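Inside the fold
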Amino acid sequence: GAVVSQHPSWVICKSGTSVKIECRSLDFQATTMFWYRQFPKQSLMLMATSNEGSKATYEQGVEKDKFLINHASLTLSTLTVTSAHPEDSSFYICSAGRTGGFLNTEAFFGQGTRLTVV
Amino acid sequence: QKEVEQNSGPLSVPEGAIASLNCTYSDRVSQSFFWYRQYSGKSPELIMSIYSNGDKEDGRFTAQLNKASQYVSLLIRDSQPSDSATYLCAVRAGTALIFGKGTTLSVSS
């Protein structure tokens, strides 16, 4: 299957600082990537859809100025959590869809990033 | 709002038994359905995808889809302790996936 790499796997940051998370599709081009957040014992909640070369589409209730998404190439999307606060501590997971074909119907997930804001 | 519902469990079965996981969805026009397994602290991994009514078998796993009832299930035969995890049902909505809250499965040896 397709490989999606996410970095870093975990990060601890101080309240008020910003953190950038990278999501790369290693063996395919992804015009669309998705960012999810998962709190303990909760399901994955879609935060935004990242589209290569255009603005991301944010889900209702997600602050676009706080969660900055950049999808500058067909293999890389970044999520920057700006002015992080303890309530932003969560497990952030990206996924990517390959363009066209059968694999376009499946989501391939990165390893996830555990963010802890202290 | 599109919803995917699962019983959170925990579902406990003895080793070797059949585990049955259920999921219902609200969007009648949905066409693509997926089961993911997620171990604690890890990202989800795809187990099965199903697009047509009926059963789809892959090894010890069988996915069942009934679009009229808006119901999809996953059967795990000969359950093993290593199957203990949270199982997420996902339904495609546009280009993204909408996930249920997951069912926690515990297989005891």
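Residues numbered from 1 in each chain as written. Chains lettered and ligands numbered in written order. Predicted model: local features only at pLDDT ≥ 70, side-chain atom pairs only at ≥ 80, totals over all residues. Heavy atoms only, no water.

1. Regarding the state of the cysteines
All names here are of chain A. Note the following rule: Criterion for a disulfide: a pair of cysteine sulfur atoms at a distance within 2.5 Å. Elements are defined by DSSP. Helices are runs of H or I of four residues or more, strands are runs of E of two residues or more, and each kind is numbered from the N terminus. The rule is simple: take the accessible area with a 1.4 Å probe, protein chains only, and divide by the maximum for that residue type; under 20% is buried, over 50% is exposed, in between is partly exposed.
Summed over the entire model, instances satisfying the criterion amount to 2 disulfides over all chains. Residue pairing for Cys23: its cysteine sulfur links by disulfide to Cys94, the two sulfurs lying 2.0 Å apart. Across the S-S bond of Cys23 and Cys94 the torsion is about 80°, and the bridge reads as right-handed. Here Cys23, found in strand β3 (residues 19-25), pairs with Cys94, found in strand β9 (residues 90-97); they are 71 residues apart in sequence, far enough to count as distant. Of the two residues examined, Cys23 and Cys94, each falls in the buried class. There is no disulfide at Cys13, and the cysteine sulfur nearest it, in Cys94, is 18 Å away. Assessed through its relative accessible area of 9%, Cys13 is described here as buried.

2. Thoughts on the pattern of salt bridges
All names here are of chain A. We apply this condition: The salt bridge criterion pairs a side-chain nitrogen of Lys or Arg with a carboxyl oxygen of Asp or Glu, the two atoms within 4 Å.
Summed over all chains, the structure comprises 5 salt bridges over all chains. A salt bridge links Asp88 to Lys66; the nearest nitrogen and oxygen atoms lie 2.8 Å apart. Placement of Asp88 in the loop between β8 (76-81) and β9 and of Lys66 in the loop between β6 (57-58) and β7 (67-73) is noted, with a sequence separation of 22 residues between them. Of the residues examined, Asp88 reaches a relative accessible area of 5% and is grouped as buried. Classification of Lys66 as buried rests on a relative accessible area of 12%.

3. Considering the sheet that holds strand β1 (residues 4-7) of chain A
All names here are of chain A. The condition that has to hold: Strands are treated as partners if at least two bridges between them are detected by DSSP. Working convention: axes come from line fits to C-alpha atoms, limited for helices to the stretch in contact. Angles between N-to-C directions cover 0 to 180 degrees.
Taken in spatial order, the 4 strands of this open sheet run β1-β3-β8-β7, and their pairing is antiparallel. On the outer flanks of this sheet lie β1 and β7, each paired with one strand and no other. The sheet shows a mean angle of 15° between the axes of neighbouring strands, direction not considered. Sheet analysis places β7 next to β8, joined by 5 bridges and oriented antiparallel.

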